[in-house]
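# Reading the structure
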Amino acid sequence: VQLQASGGGLVQPGGSLRLSCAASGGTFSSYTVGWFRQTPGKEREFVAAFSRTSNNAYYTDSVKGRFTISRDNRKNTVYLQMNSLKFEDTAVYYCAAGRPITSTLASTDAYYYWGQGTQVTVSS
């Protein structure tokens, strides 16, 4: 499975962006899809995931109520709608696909495939 992330950019605090991740080369619907982010010198951290088994969405606490993950299996695409952006949301955002169980949704090791990353910069 190949993943292509897009939609990053420069936005002011309080603004919105929608990231997209287009998948090809596999059965997209058979994978749980997630978004992670990384800043220089830090480990890649979990942001959100959409489970293939439960059709539930999961979020890290810092983005709950602001970010929404969704997927369109017909288009083989997963989205991350980001609202009320904060300075601390600045990072490179990566999409990923795998078959984690619920307890490992936030683990990078549970995902097999990764997109190339898209930069999100929140700045005034």
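Heads up: the structure comes first, above all this text.
Below is a short write-up of the structure. Just so it is clear, the structure is predicted and the values come from calculations on it, not from any experiment.

As a further point, take the overall build of the protein. In terms of helices and strands, the protein carries zero helices and 11 strands. Counting from the amino terminus, the protein carries its helices and strands in the arrangement β-β-β-β-β-β-β-β-β-β-β. In terms of C-alpha radius of gyration, the protein reaches 13 Å, essentially the compact-globule figure of 14 Å for 124 residues. With the principal axes as the frame, the protein shows a C-alpha extent of 40 × 30 × 25 Å.

This brings us to the pattern of salt bridges. A complete count under the given rule lists five salt bridges for this structure. A salt bridge links Glu45 to Arg37; the shortest N-O distance between them is 2.6 Å. Three or more residues joined by partner-sharing salt bridges are found here, namely Arg37, Glu45, Arg66 and Asp89.

As a further point, take the packing of aromatic side chains. Counting across every chain of the model gives seven aromatic pairs. With a centroid separation of 5.6 Å and 90° between ring planes, the pair formed by Tyr31 and Tyr113 is classed as edge-to-face. With a gap of 82 residues between them, Tyr31 in the loop between strand S3 (17-24) and strand S4 (32-38) and Tyr113 in strand S10 (residues 111-114) connect regions that are remote in the sequence. Given a relative accessible area of 9%, Tyr31 falls into the buried group.

This brings us to the side chain of Arg71. With respect to the helices and strands, the residue Arg71 is situated in strand S7 (residues 67-72). Although buried, Arg71 forms no salt bridge, and the nearest oppositely charged side chain, Asp72, lies 8.4 Å from it. For Arg71, the side chain forms a polar contact with the main-chain oxygen of Tyr31, separated by 2.8 Å. A distance of 2.9 Å separates the side chain of Arg71 from the side chain of Asn73, its partner in a polar contact. What Arg71 contacts, discounting residues up to four positions off in sequence, is Phe28, Ser29, Tyr31, Thr32, Val33, Phe50, Arg52, Thr77 and Val78.

Let us now look at the environment of Thr108. Tracing the chain through its elements places Thr108 in the loop between strand S9 (91-98) and S10. Counting along the chain gives 48 residues from Thr108 to Thr60, while the straight-line C-alpha distance between them is 14 Å. With near-sequence residues (within four places) excluded, Thr108 lies in contact with Phe36, Arg44 and Trp114.

As a further point, take the sheet that holds strand S8 (residues 77-82). If you trace the four strands from one edge of the open sheet to the other, you get S1-S3-S8-S7, paired in antiparallel fashion. Looking along the sheet, the strands with just one partner apiece sit at the ends: strand S1 (2-6) and S7. In this sheet, adjacent strand axes meet at a mean angle of 15° when their direction is disregarded. Relative to S8, S3 runs antiparallel, the two sharing six bridges. Residue Leu17 lies in a different strand from S8, and its bridge partner there is Met82.

Cut-off values and rules
- Residues numbered from 1 in each chain as written.
- Predicted model: local features only at pLDDT ≥ 70, side-chain atom pairs only at ≥ 80, totals over all residues.
- Heavy atoms only, no water.
- Helix = DSSP H or I, 4+ residues; strand = E, 2+ residues; numbered from the N terminus.
- Rg over C-alpha atoms; globule rule 2.2 N^0.38 Å.
- Salt bridge = Lys/Arg side-chain N within 4 Å of Asp/Glu carboxyl O.
- Phe/Tyr/Trp six-rings, centres within 6.5 Å; stacked < 30°, edge-to-face > 60°.
- Buried < 20%, exposed > 50% of the residue type's maximum accessible area, 1.4 Å probe, protein only.
- Lys, Arg positive; Asp, Glu negative; His and termini not counted.
- Polar contact = N/O pair within 3.5 Å; in protein donor to acceptor, adjacent residues only side chain to side chain.
- Contact = heavy atoms within 4.5 Å.
- Pairing = 2+ DSSP bridges.
- Axes fitted to C-alpha atoms, helices over the stretch in contact; angles between N-to-C directions.

That's the geometry; what it means functionally is another story.
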